[in-house]
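Structural overview for review
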Amino acid sequence: ALKPPSYTLSDSALLIKSGAFSLQLALANIKRITPANVFPSQTALSRKALRIDYLYGESVTISPEQKEAFMTDLATRYKNETAHMLPGVAV
């Protein structure tokens with residue numbers, strides 16, 4: 001059986017794991033988070049997902065079970081830089 005993707009936040013990074021795929025994304029590199037209605041993918045099993053744009057045009061789509069709690073946790077961990085971050089608002 002396939003394990004669902006996991007998303008782990010630290011004070012400085014988001015770790016995304018799904019099967020053999022793994023991405024450690026520095027919170028400082030996040031440029032924007034927007035809601036995304038997508039077909040399920042390796043990193044997002046739900047159609048109601050979040051698209052994270054980072055660095056120079058790169059993006060990844062994730063589907064945390066509790067999107068609001070995930071966004072609050074992310075903003076809390078990245079206090080001064082992302083406290084104003086809302087889905088759809090550039091950082």
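So, how was this worked out
Residues numbered from 1 in each chain as written. Predicted model: local features only at pLDDT ≥ 70, side-chain atom pairs only at ≥ 80, totals over all residues. Heavy atoms only, no water. Core = buried A, V, L, I, M, F, W, Y, C linked by side-chain atoms within 4.5 Å. Buried < 20%, exposed > 50% of the residue type's maximum accessible area, 1.4 Å probe, protein only. Helix = DSSP H or I, 4+ residues; strand = E, 2+ residues; numbered from the N terminus. Contact = heavy atoms within 4.5 Å. pLDDT = per-residue confidence, 0-100. Salt bridge = Lys/Arg side-chain N within 4 Å of Asp/Glu carboxyl O.

The next thing to look at is the nonpolar core. Leu14, Ile52, Ile62 and Phe70 are the most contacted members of the largest nonpolar core, which has 18 residues in total. For this core, the secondary-structure elements that each account for two or more residues are strand E1 (6-9), strand E2 (13-18), strand E3 (21-26), strand E4 (30-37), strand E5 (48-54), strand E6 (58-62) and helix H1 (67-77). Contact partners of phenylalanine 70, with chain neighbours within four places excluded, come to Tyr7, Leu9, Leu14, Leu50, Ile62 and Pro64.

Let us now look at the confidence of the model for the chain. In the predicted model, the chain carries a mean pLDDT of 79, and the fraction of residues at 70 or more is 75%. Mean pLDDT values over the elements of the chain span from 48, in strand E7 (residues 89-90), up to 93, in E2.

Any two side chains of opposite charge can pair if their charged atoms end up close together. Applying the stated criterion across every chain yields a total of three salt bridges. Of the charged contacts in the structure, one is a salt bridge between arginine 77 and aspartate 11, with a shortest N-O distance of 3.6 Å. Placement of the pair is arginine 77 in helix H1 and aspartate 11 in the loop between E1 and E2, with a sequence separation of 66 residues. Here aspartate 11 falls in the exposed class, since its relative accessible area comes to 59%. The partner of arginine 51 in a salt bridge is aspartate 53, with the nearest N and O atoms 2.7 Å apart. Arginine 51 gets classed as partly exposed once you look at its relative accessible area, which sits at 36%. Residue classification places aspartate 53 among the buried positions, given a relative accessible area of 17%.

Secondary-structure assignment places threonine 8 in strand E1. Residue classification places threonine 8 among the partly exposed positions, given a relative accessible area of 46%. Along the chain, threonine 8 and phenylalanine 70 lie 62 residues apart, while their C-alpha atoms are 9.8 Å from each other. Leaving out residues up to four positions away in the same chain, threonine 8 has contacts with Ala13, Leu14 and Leu15.

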